[in-house]
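# Summary of the model geometry
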Amino acid sequence: VPEAPYEQLLNDLMPEFIDCLSDNLQDLHEALDSSNLEAIRNISHDIKGSAGLYGFKRISELASLIEAAAREGSLPRVRILAANLSHVYEELYSQVS
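For the structure given in this document, a descriptive report is provided here. Owing to the predicted nature of the structure, the values given are computational and were not obtained by experimental measurement. (Residues numbered from 1 in each chain as written. Predicted model: local features only at pLDDT ≥ 70, side-chain atom pairs only at ≥ 80, totals over all residues. Heavy atoms only, no water.)

## Here's the deal with the overall build of the protein chain
Secondary structure assignment for the protein chain yields four helices and zero strands. N-terminal to C-terminal, the α/β element order of the protein chain is α-α-α-α. Taken along the three principal axes of its C-alpha coordinates, the protein chain extends 50 × 20 × 15 Å. A buried classification covers 35% of the 97 residues belonging to the protein chain. In the protein chain, once contacts between residues fewer than 6 apart in sequence are set aside, the share between residues at least 24 apart is 57%. For the protein chain, the exposed area adds up to about 5,900 Å²; of that, 52% sits on carbon and sulfur atoms. Distance between charge centres in the protein chain, computed from 7 positive and 16 negative side chains, equals 13 Å. (Helix = DSSP H or I, 4+ residues; strand = E, 2+ residues; numbered from the N terminus. Buried < 20%, exposed > 50% of the residue type's maximum accessible area, 1.4 Å probe, protein only. Contact = heavy atoms within 4.5 Å. Areas by Shrake-Rupley, 256 points an atom, 1.4 Å probe, with all protein chains shown as cover. Lys, Arg positive; Asp, Glu negative; His and termini not counted. Charge placed at Lys NZ, Arg CZ, Asp CG, Glu CD.)

Structural data, given as structure tokens:
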């Protein structure tokens, strides 16, 4: 059964999404290291949007929670959620590579 054009497009864009997510996660951890809540909010907002666009609901939800925790100024919560997000990314990366 041939893939629908939309599914083929998503498959073609997947490596780009994975690379972008990897860069975003690196930026997120750097922002965390410097306790830069504004950067954390902005980066997690970007992750939330792109992951949602690609249909990665769990990644989008985690990014949304990180964004909210950063808005509340809760770095300990951000750290826990960012670790969870990195774990989900690692699982995704291992599935597509």
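Here the narrative resumes.
## Concerning the nonpolar core
The biggest cluster of nonpolar side chains holds 29 residues, and the ones touching the most others in it are Phe 17, Ile 40 and Ile 59. Among the secondary structure elements, those contributing two or more residues to this core are α1 (5-33), α2 (37-54), α3 (57-71) and α4 (75-96). Top contributing element to this core by residue count: α1, with nine residues. The residues contacting Phe 17, other than those within four sequence positions of it, are Ser 50, Ala 51, Tyr 54, Phe 56 and Leu 92. (Core = buried A, V, L, I, M, F, W, Y, C linked by side-chain atoms within 4.5 Å.)

## A short note on unusual backbone geometry
For Ser 35, which is not glycine, the phi torsion reads 55 degrees and is therefore positive. Positionally, Ser 35 belongs in the loop between α1 and α2. Residue classification places Ser 35 among the partly exposed positions, given a relative accessible area of 35%.

## A few points about a negative patch on the surface
Taken together, the side chains of Glu 16, Asp 19, Asp 23, Asp 27, Glu 30 and Asp 33 define an acidic patch exposed on the protein surface. Inspection of the secondary structure assignment puts Glu 30 in helix α1. (Patch = residues over 30% accessible without salt bridge, like charges linked within 9 Å, V, L, I, M, F, W, Y side chains within 5 Å. Salt bridge = Lys/Arg side-chain N within 4 Å of Asp/Glu carboxyl O.)

## Some thoughts on the packing of aromatic side chains
Within this structure, the stated rule accounts for three aromatic pairs. An angle of 5 degrees between the planes, with centres 5.1 Å apart, marks the rings of Phe 17 and Phe 56 as stacked. Taken together, the residues span a long stretch of sequence, with Phe 17 in helix α1 and Phe 56 in the loop between α2 and α3 at a distance of 39 residues. Owing to a relative accessible area of 3%, Phe 17 belongs among the buried residues under this scheme. Accessibility expressed as a relative area gives 19% for Phe 56, which makes it buried. Of the aromatic side chains, those joined through ring pairs into one cluster are Phe 17, Tyr 54 and Phe 56. (Phe/Tyr/Trp six-rings, centres within 6.5 Å; stacked < 30°, edge-to-face > 60°.)

By themselves, these figures tell us nothing about what the structure is for.
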